[in-house]
There are 2 protein chains.
Amino acid sequence: MNRRFPVWAPGASTVSLVIGGGDSGAEHVLTRTDGGWWQLDAPLPGDAPLDYGFVVDGDGPHPDPRSLRQPHGVHELSREFDPSAHEWADGSWRGRELTGAVIYELHIGTFTPIGTLDSAIARLDHLVELGVDAVEVLPVNAFNGEHGWGYDGVLWYAVHEPYGGPAAYQRFVDACHARGLAVIQDVVYNHLGPSGNYLPVYGPYLGDGHSTWGASVNLDGPQSDEVRQYIVDNALYWLRELHVDGLRLDAVHALHDERAVHILEELATRVDAASAELGRPLTLIAESDLNDPRIIRDRARTGYGIGAQWDDDVHHAIHANLTGETTGYYADFAGVASLAKVFDRGFFHDGTWSSFRERHHGRPLDADIPHTRLVAFSQDHDQIGNRAVGDRLTATLTQEQLAAAATLTLLGPFTPMLFMGEEWGATTPWQFFTSHLEKELGEATARGRIAEFAKMGWDPDVVPDPQNPETFERSHLDWSEPEQQEHARLLAFYRDLIALRRTVPADARATDIVADGDVFSFTRGGMRVLVNLRGNRLPESAGSTPDALLRFGDAVRVAPAG
Amino acid sequence: MNRRFPVWAPGASTVSLVIGGGDSGAEHVLTRTDGGWWQLDAPLPGDAPLDYGFVVDGDGPHPDPRSLRQPHGVHELSREFDPSAHEWADGSWRGRELTGAVIYELHIGTFTPIGTLDSAIARLDHLVELGVDAVEVLPVNAFNGEHGWGYDGVLWYAVHEPYGGPAAYQRFVDACHARGLAVIQDVVYNHLGPSGNYLPVYGPYLGDGHSTWGASVNLDGPQSDEVRQYIVDNALYWLRELHVDGLRLDAVHALHDERAVHILEELATRVDAASAELGRPLTLIAESDLNDPRIIRDRARTGYGIGAQWDDDVHHAIHANLTGETTGYYADFAGVASLAKVFDRGFFHDGTWSSFRERHHGRPLDADIPHTRLVAFSQDHDQIGNRAVGDRLTATLTQEQLAAAATLTLLGPFTPMLFMGEEWGATTPWQFFTSHLEKELGEATARGRIAEFAKMGWDPDVVPDPQNPETFERSHLDWSEPEQQEHARLLAFYRDLIALRRTVPADARATDIVADGDVFSFTRGGMRVLVNLRGNRLPESAGSTPDALLRFGDAVRVAPAG
């Protein structure tokens, strides 16, 4: 804790610190120092965490842009937090290479009934038994309201208080490491939420441009050095002080940056340096819809050197071919050739026509980029939650097809990711929910959501109201499900798949890819994998020998490659 | 001439062709074909060029977006033009490598008193005697009004009629080639002028974003494939049909394109293919203020593969050190170390702090990128014309300093470029002039210009009114000057410099760079070059032997390297 309370406010004429709580109302004038920073001339005495905020040119008090804790929400005073106070028990943790690992995506608020980091700890053993390598938490930064997906974050350094705040997050990370699980954290640097964003009071954090969700972040305009540092320091804070192992960078295509050194390259360079210094792997994973290999290309080959990126094309190819859905962005993926192409080349859109975008899209992945640099999934928070009713694949597929989806993801050549509950075929939906404090904003959010789906022909009465607490409630996992027979069967199969995956080199590519009607098959690491995409019986052919390594009914079969 | 009159109008419900002139008022309904294109079912008979325009959903007639000729200005009907009708005399022209060549930038409207392409031909022998390799013409595309710089183009395929139109441009290129001069043409793909832009009537040519000068071009949004093709076809038109040798791409930093294949890479790929096909070098030269080596890096090394880029840093280093000006973007270049750095590394801003931009800027140029891929100049149309009163270096420097500037540019390691008249130390200004037809637009342009310089402390009465015809008049070269003694002396020195330059391999780098007070010196290709930046006497030291290769007074000396 820096008791001089430094804050960047380059355009301010006066900045003062307001202390709340016991010292309520005390105001201390800050002094301008170098580079637009302000701080107290002398540190405040004592070491009990104080509630505080800043008044900038008479505006405030507002939270500290680098606040680590917001006990009363994003509109109220910040509270000091000393990350070094936690007694870490993970001294023997050596980190984990995340490319090629099995990742489990979860949302703290709905993973357990209580929806806290501490309650999530109690479920970690389930993940250990499942066999995953890493948990990936949806954003835990502070956002407006009690519950939400987390992408409306406005205080990027604070841990959402309803999840338990930063101390609980340290306990969570420690508990993961104790069980051999790495922690990946979803971070959002491309936009700020619609409520509680006081950054513009402090400085030029926002640019002229506009992203889908609001003002874009100032990455290349005047005074953007400090804005970039705000991002870099944030990433390093989670990795260093909270012992996080990897960061999933939300929607990097919305990071508008025309500098010769892109913020992603700068971030990757700094994170790699921290990794060398800390002596454990630290991994950046980008969510990118650009299909641009530059993002994951090594910096020695003039790429940005990001460790991995999400590959939505793999999702779309699996989803379209299992469900038969061909609307919207699934249109180009109709037909099993799309699945064969992504298994072979990683990207489907590699310069091909994208009917959804009404233009050509992407470029081929470099031949020497490992496919483990692509994160693949048959379901994730977006692909479930951004459907009109937030329904999972369980709503439309048979058990055999769910098993086929799992097999393609977990035995394929990519870095696989599961979405919480997928492993037992959870029937609970995962819907879009918010809890904006402002009535008007809440109503606008609901209206916008309903209008969006009405355009696609959905009955407005069917689309859940994101502000209705029931929408949040029904999105929780039902932990009685994995005990039930059909669910337990699928869960056991997921365990077997993950165990089988471990017998193969993580970086093995898919070869001998055959798309034959409903039957899709490939060889990888000495295994021949066959799935019937309709969930029907596979033909008695190659791979059907009695020495099958794994089966799910007659629809999925893994055998030693002939 | 395609007498089916194809035109792209993807969102139109009806498109019709209007024929003017003798067939005045005749209207022909077009039929929709593939990809949003429309054309006549059968070609119109005859082969005399017609005046024509299109009516889109009742709006029009407007010029053809691909019009080759606008005899009555950009708001009126287009006229058919058959580029194959010209009988080319340049059959023996094999093209010219432009990196390392000596380029001469000129503006057709002010190069000669008459300001036409044909009158420019009459002055080409001056350039031959000077010894340059290529002329670079400011934009010749059709723009609003009679005269202007050309960057307000709205019909990118048409040649400005007051310059003589496309047939005159063919004669000009032919005449250049006959004299061994290559032709580089300035093309503007990043924005459209404020008047006469009817493209939005036809299709989504413009994007959501905004550039400095208006709506940005739609390079990556829906239906952008055809917009990109519009650009690529335009480039190929000039190179193939008009026999142009290179294109100077205006302000590529304003080409906002987030596709995995940037329009510059696509353009370079297509132009390189055309070069192979035509069997002569074709060169793209980017104006870029990004200081991003990606633009000129080879595509094999994942760059865009543009042939060369302008290097404003070299200009700023020369200008600041000769004139002592340190305002605006010159601030960081104060001191001779900036000159030493650019001669050594190409970019000054290679990740360094840019006080003008209020952020760090650029990245180092790859060590293996030849410095001839950087175009250097001590004056150009922008650096003269965008000064408040359009004054050249002649207004502030001595003859000796002008000679020093020329020596740095012409004997340095970069691809040198001169601005018309520089070679004789022209005293005529080159000011910002427009001739917008619309009173309101003209006044707004003038107001904006004056306000811009008022902010920098300039008396509004001193800044020329761009709409005043006298501003245009006084910007013409005075061809009596080179006959005058002082001017003739400088002109002879320019000739000598260019001749001396030819004795050295074009790709030789500068070494042994020494910045010692006012004296700047370097070795290149066996020559030791010394200049006194104040125009004062050089010390009698190395390089002062009687066998000097070239001198200008006591201030500039070139000798064999010791």
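In case you missed it, the structure is sitting above this.
What you are looking at is a predicted structure, and each value in this text was computed from that prediction instead of being measured.

(A) Quick peek at the sheet that holds strand β18 (residues 308-310) of chain B. All names here are of chain B. If you trace the eight strands once around the closed barrel, you get β9-β10-β13-β16-β17-β18-β21-β22, paired in parallel fashion. Strand after strand, the sheet turns through a mean of 30° between neighbouring axes, direction not considered. Direction of pairing for strand β13 (residues 182-187) relative to strand β16 (residues 246-249): parallel, over a ladder of four bridges. Residue pairing for β16: I184 is matched across the bridge by G246. Most of the contacts of helix α4 (residues 165-178) go to β13, to which it runs at about 140°, and overall it touches β10 (134-137) and β13.

(B) Seen up close, the relation of the copies chain A and chain B. When chain A is brought onto chain B, the operation consists of a screw motion whose angular component is 180° and whose axial shift is 0.0 Å, with 0.0 Å RMSD remaining. Such a combination of rotation and displacement between the chain copies is what one expects of a two-fold axis. When the interface residues of chain A are mapped onto chain B, 100% of them are again interface residues, pointing to one common binding face.

(C) Representation of the packing of aromatic side chains within the structure. Per the stated rule, a full pass over the model turns up 60 aromatic pairs over all chains. In this arrangement the basic side chain of K341 of chain A is found over the ring face of F348 of chain A, its NZ or CZ atom lying 5.2 Å from the centre.

(D) Geometry of the interface of chain A and chain B. Contact residues are listed per partner, giving 29 residues for chain A and 29 residues for chain B. Between chain A and chain B, roughly 2300 Å² of surface is buried when both sides are summed, and carbon and sulfur atoms account for 38% of that area. Linking chain A to chain B there are two salt bridges. Between R363 of chain B and E265 of chain A there is a salt bridge, with the nearest N and O atoms lying 2.8 Å from each other. Mapped by element, the contributors of at least two residues to the side of chain A that touches chain B are α6 (224-240) and β20 (359-361) of chain A. Its residues assigned to classes, the side of chain A that touches chain B shows seven nonpolar, nine polar and 13 charged.

(E) Up close: the environment of A426 of chain A. All names here are of chain A. You can see A426 is positioned in the loop between β22 (415-419) and α12 (439-455). Distance in space between the C-alpha atoms of A426 and V462 is 21 Å, their sequence separation being 36 residues. Once you skip the residues sitting within four places of it in the chain, A426 turns out to touch R392, T394, G421, L477 and E481.

(F) Just helix α11 (residues 399-411) of chain A, in detail. Residues and elements named next belong to chain A. Relative to the 18 Å expected for 13 residues at 1.5 Å per residue, α11 spans 18 Å between its end C-alpha atoms, a close match to the ideal helical length. Among the 13 residues of α11, 12 are classified as buried, and the element is accordingly described as predominantly covered. Burial in α11 covers these residues: Q399, Q401, L402, A403, A404, A405, A406, T407, L408, T409, L410 and L411.

Here is what the cut-offs are and how they apply
- Residues numbered from 1 in each chain as written.
- Chains lettered and ligands numbered in written order.
- Predicted model: local features only at pLDDT ≥ 70, side-chain atom pairs only at ≥ 80, totals over all residues.
- Heavy atoms only, no water.
- Pairing = 2+ DSSP bridges.
- Helix = DSSP H or I, 4+ residues; strand = E, 2+ residues; numbered from the N terminus.
- Axes fitted to C-alpha atoms, helices over the stretch in contact; angles between N-to-C directions.
- Contact = heavy atoms within 4.5 Å.
- Least-squares fit on C-alpha atoms with pLDDT ≥ 70 in both.
- Phe/Tyr/Trp six-rings, centres within 6.5 Å; stacked < 30°, edge-to-face > 60°.
- Lys NZ or Arg CZ within 6 Å of the ring centre and 35° of its normal.
- Buried area = accessible area lost by both parts, 1.4 Å probe.
- Salt bridge = Lys/Arg side-chain N within 4 Å of Asp/Glu carboxyl O.
- Nonpolar A, V, L, I, M, F, W, Y, C, P; charged D, E, K, R; others polar.
- Expected span 1.5 Å × (residues − 1).
- Buried < 20%, exposed > 50% of the residue type's maximum accessible area, 1.4 Å probe, protein only.

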